[in-house]
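So you can see what is in the structure, the chains are spelled out below.
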Amino acid sequence: MTDTPKYNVVRSVDEWLAKLTPEEYHVLREAGTERAFTGEYTDTKTVGVYRCRACDAELFRSQDKFDSHCGWPSFDYVDEERVELREDRGYGMVRTEVRCRNCGSHLGHVFDGEGYTPRNQRYCINSISLTLEPAEDA
């Protein structure tokens with residue numbers, strides 16, 4: 001019996017390094033974090049779809065983005081068929097990591113919304129892990 005790959009997009013380290021910039025690779029493949037308030041999508045209001053920068057899979061929609069003032073783009077809803085959630089015990093704390101379900105790339109973390117959103121979730125995502133596809137009529 002042959003094991004089925006967990007992700008639809010599987011690449012070697014060398015293939016990822018050829019596709020991504022060093023900064024993108026660090027965040028997406030090594031679970032790094034970009035500095036707060038430096039990402040291109042932190043404050044954008046553009047209507048559209050946010051895709052995984054590593055594999056182009058649709059991840060988030062602009063109508064679920066909100067101003068959390070935390071320094072990273074924040075969403076209050078995800079389709080769990082598009083992302084996977086994993087326990088992250090790094091840096092001496094327990095958090096929930098958000099990964100692309102299509103390629104396994106690190107996107108960010110989810111936190112209780114602390115009253116920010118109707119759904120009480122804050123998906124805090126690195127801008128560098130995303131690309132924005134503006135809506136055609138926007």
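A short tour of the structure in this document, coming up.

Rules used throughout
Residues numbered from 1 in each chain as written. Predicted model: local features only at pLDDT ≥ 70, side-chain atom pairs only at ≥ 80, totals over all residues. Heavy atoms only, no water. Pairing = 2+ DSSP bridges. Helix = DSSP H or I, 4+ residues; strand = E, 2+ residues; numbered from the N terminus. Contact = heavy atoms within 4.5 Å. Phe/Tyr/Trp six-rings, centres within 6.5 Å; stacked < 30°, edge-to-face > 60°. Buried < 20%, exposed > 50% of the residue type's maximum accessible area, 1.4 Å probe, protein only. Salt bridge = Lys/Arg side-chain N within 4 Å of Asp/Glu carboxyl O.

Quick notes on the sheet that holds strand 3 (residues 65-66)
Note: strands within a sheet are paired through backbone hydrogen bonds, in either parallel or antiparallel orientation.
Move 1: On the basis of which strands lie adjacent, the open sheet formed by six strands has the order 3-4-8-7-6-5 and antiparallel pairing. In this open sheet, the two strands that pair with only one neighbour each are strand 3 and strand 5 (83-88).
Move 2: When strand 6 (residues 95-100) meets strand 7 (residues 106-112), the two strands line up antiparallel, connected through four bridges. Among the inter-strand pairings, Glu 97 is bridged to a residue of strand 7, identified as His 109.

Comments concerning the side chain of Ser 129
Move 1: With respect to the helices and strands, Ser 129 occurs in the loop between strand 8 (121-125) and strand 9 (130-134).
Move 2: Apart from residues no more than four positions distant in its own chain, Ser 129 is found in contact with Leu 28, Arg 51, Cys 52, Arg 53, His 106 and Leu 107.

Examining the packing of aromatic side chains
Move 1: Taken as a whole, this structure holds three aromatic pairs when the rule is applied.
Move 2: Both rings, one in Tyr 50 and one in Phe 75, keep their centres 5.2 Å apart while their planes meet at 75 degrees; by these two values the pair is edge-to-face. On the criterion of sequence distance, the pair formed by Tyr 50 in strand 1 (residues 48-52) and Phe 75 in strand 4 (residues 74-75) is long-range, its members being 25 residues apart.
Move 3: What makes Tyr 50 buried here is its relative accessible area of 0%.

A few points about the pattern of salt bridges
Move 1: This structure, assessed with the given rule, holds twelve salt bridges.
Move 2: The salt bridge involving Arg 53 is made with Glu 24; its shortest N-O contact spans 3.5 Å. With Arg 53 in the loop between strand 1 and strand 2 (58-61) and Glu 24 in helix 2 (residues 22-30), this residue pair connects regions lying 29 residues apart in the sequence. We note that Arg 53, like Glu 24, is buried.
Move 3: Ionic pairing is found between Glu 97 and Arg 99, a salt bridge with its closest N-O pair at 3.0 Å. Neither residue differs from the other here; Glu 97 and Arg 99 are each classed as buried.
Move 4: Each member of the salt-bridge network shares a partner with another, and the members are Glu 58, Arg 61, Asp 79 and Arg 82.

Describing unusual backbone geometry
Move 1: Positive phi, close to 65 degrees, is recorded for Phe 37, a residue that is not glycine.
Move 2: Looking at where Phe 37 falls in the secondary structure, it is placed in the loop between helix 2 and strand 1.
Move 3: Backbone geometry at Asp 56 places phi at a positive 75 degrees, although glycine is not the residue there.
Move 4: With respect to the helices and strands, the residue Asp 56 is situated in the loop between strand 1 and strand 2.

Details of helix 2
Move 1: Every buried residue belonging to helix 2 is among Glu 24, Tyr 25, Val 27 and Leu 28, and all of these are buried.
Move 2: Turning to helix 2, the residues buried within the fold contact helix 1 (13-19) and strand 7.
Move 3: One or two positions beyond helix 2, positive phi appears at Ala 31, with a value near 60 degrees.

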